[in-house]
Amino acid sequence: MATVLVKREVNCPLCKLTFVYHTPKSHTYSLIKRDSDFCPYYKGVNPLFYLIYICPGCHFAAYKRDFKDLEDRSRQALIDLLNKDSRGLAVDFHQAERSLFAALRSYQLALSCYTARRFPPDILASVALRASWLCRYSGELKRELSYSELARDYYQQAFEKGIRADRQVDDLAIALLIGELMLRTGQIAAAMRYFMFLVRTKDAKSNLEQSARNRLYDSKQALKIKKILEDIELFVPMGEQGLGVLAVNTEIRSVKPGVRICSRGEPGESMFIIVNGKVSIFLDDPAVTSAVAILGP
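Residues numbered from 1 in each chain as written. Predicted model: local features only at pLDDT ≥ 70, side-chain atom pairs only at ≥ 80, totals over all residues. Heavy atoms only, no water.

Things to note about the overall build of the chain
The helix and strand tally for the chain stands at eight helices and eight strands. Across the 297 residues that make up the chain, the buried fraction comes to 41%. Counting only contacts in the chain whose residues sit at least 6 apart along the sequence, the fraction spanning at least 24 positions is 56%. Taken as a whole, the chain presents about 17700 Å² of accessible surface, with 52% of it coming from carbon and sulfur. (Helix = DSSP H or I, 4+ residues; strand = E, 2+ residues; numbered from the N terminus. Buried < 20%, exposed > 50% of the residue type's maximum accessible area, 1.4 Å probe, protein only. Contact = heavy atoms within 4.5 Å. Areas by Shrake-Rupley, 256 points an atom, 1.4 Å probe, with all protein chains shown as cover.)

In structure tokens form, the structure reads like this:
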């Protein structure tokens, strides 16, 4: 079934082209869940794909609220930028429906346009954060981390300078997001400082404080895991940040004696590291009843 989209005529403030822009109707999607950095998952069409307005002619891109008359000082900078940027040529933005690839391109171009227009760091951060979510949808971890790092740094700048009064943003919620992005990008100790700040802040709303407490616990667990990984030769080349990212994405599991951990032929979705105890390897063969190998830490 085709996505039900609303058509509207839009005038590009840069090249003056009038084009038809499409957005999904609200009944075509519903929110299923969010990750701890607020990344949304939808049933039906993903509205995140359509948040960026982009001119199919010159590829000027911005959120709807910022897709308007441009100041003279930024106009020439944008023209020069977009004339050199070939990323928009890979997508036909005249198309009504947007693919994941087209959506990511729109955020990449928007980030470049906002940078050229010298927008405040909280806006740049929001674009980079959404770009990281799109990379997560496609399973591109390396690219996701690069955008998460960019969002983290921009949000830090905004937080340290003070979130602007014209934005309906709670600076304590931004503090939680900075901690979350630090954790996801392997800066475990730095993330803990933000979570502890929120736990100790009297002005923090109860839901923010509880989220901070939960992630502080997760951070402590990740630090324990990181210390284990640091002593394993296989992971040494990953470096400090790489080990941090791996630790955040590793779980500690306790297994009772006699419990089967995995079987031959199952999809290999995880790697197991034995920290304590021993694991016996058996063949799926009635004729061979004893273990063929015993693995330890």
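Okay, back to it.
Some words on helix α1 (residues 72–84)
Note that an α-helix has 3.6 residues per turn; residues three or four places apart therefore point the same way. Turning to α1, its buried residues are Ser74, Leu78 and Leu82. When α1 is viewed along its axis, its buried side chains cluster within an angular range of 60 degrees and face the same direction. α1 presents Asp72, Arg73, Asn83 and Lys84 as exposed residues on the side facing more than 90 degrees away from its buried surface. Its buried side turned inward, α1 meets α2 (100–116). (Arc of directions from axis to C-beta.)

Let's talk about a nonpolar patch on the surface
Side chains of Ile228, Leu234, Met271, Ile273 and Val275 sit close together on the surface and give an oily, nonpolar patch of about 440 Å² of accessible area. With respect to the helices and strands, Ile273 occurs in the loop between α8 (239–248) and β7 (279–281). (Patch = residues over 30% accessible without salt bridge, like charges linked within 9 Å, V, L, I, M, F, W, Y side chains within 5 Å. Salt bridge = Lys/Arg side-chain N within 4 Å of Asp/Glu carboxyl O.)

A word on the packing of helix α3 (residues 121–137) against helix α4 (residues 141–161)
Contact geometry of α3 with α4 gives a least axis separation of 8 Å together with a crossing angle of 160 degrees. Compared by their axis directions, α3 and α4 come out roughly antiparallel. As for the relative orientation of α3 and α4, their crossing is left-handed in sense. Together, Pro121, Asp122, Leu124, Ala125, Ser126, Ala128, Leu129, Ala131, Ser132, Cys135 and Arg136 of α3 and Arg143, Glu144, Tyr147, Ser148, Leu150, Ala151, Tyr154, Tyr155, Gln157 and Ala158 of α4 make up the contact between the two elements. Across the contact of α3 with α4, the residue classes break down as 13 nonpolar, four polar and four charged. (Axes fitted to C-alpha atoms, helices over the stretch in contact; angles between N-to-C directions. Parallel < 35°, antiparallel > 145°, perpendicular 65-115°, else oblique. Left-handed = near helix turned anticlockwise from the far one by under 90°. Nonpolar A, V, L, I, M, F, W, Y, C, P; charged D, E, K, R; others polar.)

A look at unusual backbone geometry
Positioned with a positive phi, His59 is a non-glycine residue whose angle comes to about 70 degrees. Looking at where His59 falls in the secondary structure, it is placed in the loop between β5 (52–54) and β6 (61–63). Relative accessible area serves as the criterion here: at 9%, His59 is assigned to the buried category.

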